[in-house]
Amino acid sequence: AVADPILCSGGPGLWQSCQHSKCCADGSTCFEKNAYYAQCRPSCSPGVHEDDLPQYRDPWSCTVLSAAPSVTPAPTPAVADPILCSGGPSVWQSCQHS
């Protein structure tokens, strides 16, 4: 998998752990291996990576981790009761809440 990188200043670089930062400083992408490890990589294929040390050859999920803040939608403004007006656009126009 190849993903658009999420940059973070002062974060880890290529091949470094990004489990906690969830982003990489050099344009690589933070890919998750499992719940305990993630690494800045140029790409990732799910499954066992033969280049991992033998004691670490368990499958990669390759989920892209992101340090982007979650976006909270703005609250919907309360809608006031519409105001009904009678008459024309004069200064003495009569208006009332519906």
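Here's a quick rundown of the structure. Note that the structure is a prediction, hence the values are computed from the model and not measured.

This paragraph deals with the packing of aromatic side chains. Inspection of every chain in the model, using the stated rule, returns one aromatic pair. Residues Tyr 37 and Trp 60 carry aromatic rings whose centres are separated by 6.1 Å and whose planes lie at 75 degrees to one another, so their mutual orientation is edge-to-face. Taken as a pair, Tyr 37 in strand β2 (residues 37–41) and Trp 60 in the loop between β2 and β3 (63–64) lie far apart in primary sequence, 23 residues in all. With a relative accessible area of 28%, Tyr 37 lands in the partly exposed category. Overall, the relative accessible area of 3% leaves Trp 60 in the buried class. Stacked on the ring of Trp 60, the Lys or Arg Arg 41 has its end atom at 4.8 Å from the ring centre.

Another aspect to go through is the pattern of salt bridges. In this structure the tally under the stated criterion is two salt bridges. Ionic pairing is found between Asp 52 and Lys 33, a salt bridge with its closest N-O pair at 3.1 Å. Here Asp 52, found in the loop between β2 and β3, pairs with Lys 33, found in strand β1 (residues 29–34); they are 19 residues apart in sequence, far enough to count as distant. The class for Asp 52 is buried, based on a relative accessible area of 13%. Taking the relative accessible area as the measure of exposure, Lys 33 reaches 6% and is therefore buried. Connected via shared salt-bridge partners are Lys 33, Asp 52 and Asp 58.

Thresholds, definitions, all that
- Sequence order as written defines the numbering, with residues in each chain counted from 1.
- For this predicted model, a pLDDT threshold of at least 70 governs which residues receive local features, and a threshold of 80 or more governs which side-chain atom pairs are given and counted, while totals over whole chains, interfaces and linings are taken from all residues.
- Side-chain numbers here rest on the full set of heavy atoms in the structure, without hydrogens or water.
- By convention, a stacked pair of Phe, Tyr or Trp rings (six-membered ring in the case of Trp) has centres within 6.5 Å and planes under 30 degrees apart, an edge-to-face pair has planes over 60 apart, and any other such pair is tilted.
- By the criteria applied, helices consist of DSSP H or I runs no shorter than four residues and strands consist of E runs no shorter than two, each listed in order from the N terminus.
- Exposure classes here rest on a 1.4 Å probe applied to the protein chains alone. A residue is buried below 20% of its type maximum, exposed above 50%, and partly exposed in between.
- Two conditions define a charge sitting above a ring: the NZ of Lys or the CZ of Arg must be within 6 Å of the ring centre, and it must be within 35 degrees of the ring normal.
- Throughout this description, the term salt bridge denotes a Lys or Arg side-chain nitrogen within 4 Å of a carboxyl oxygen of Asp or Glu.

The quantities given are spatial measurements derived from coordinates; they are silent on function.
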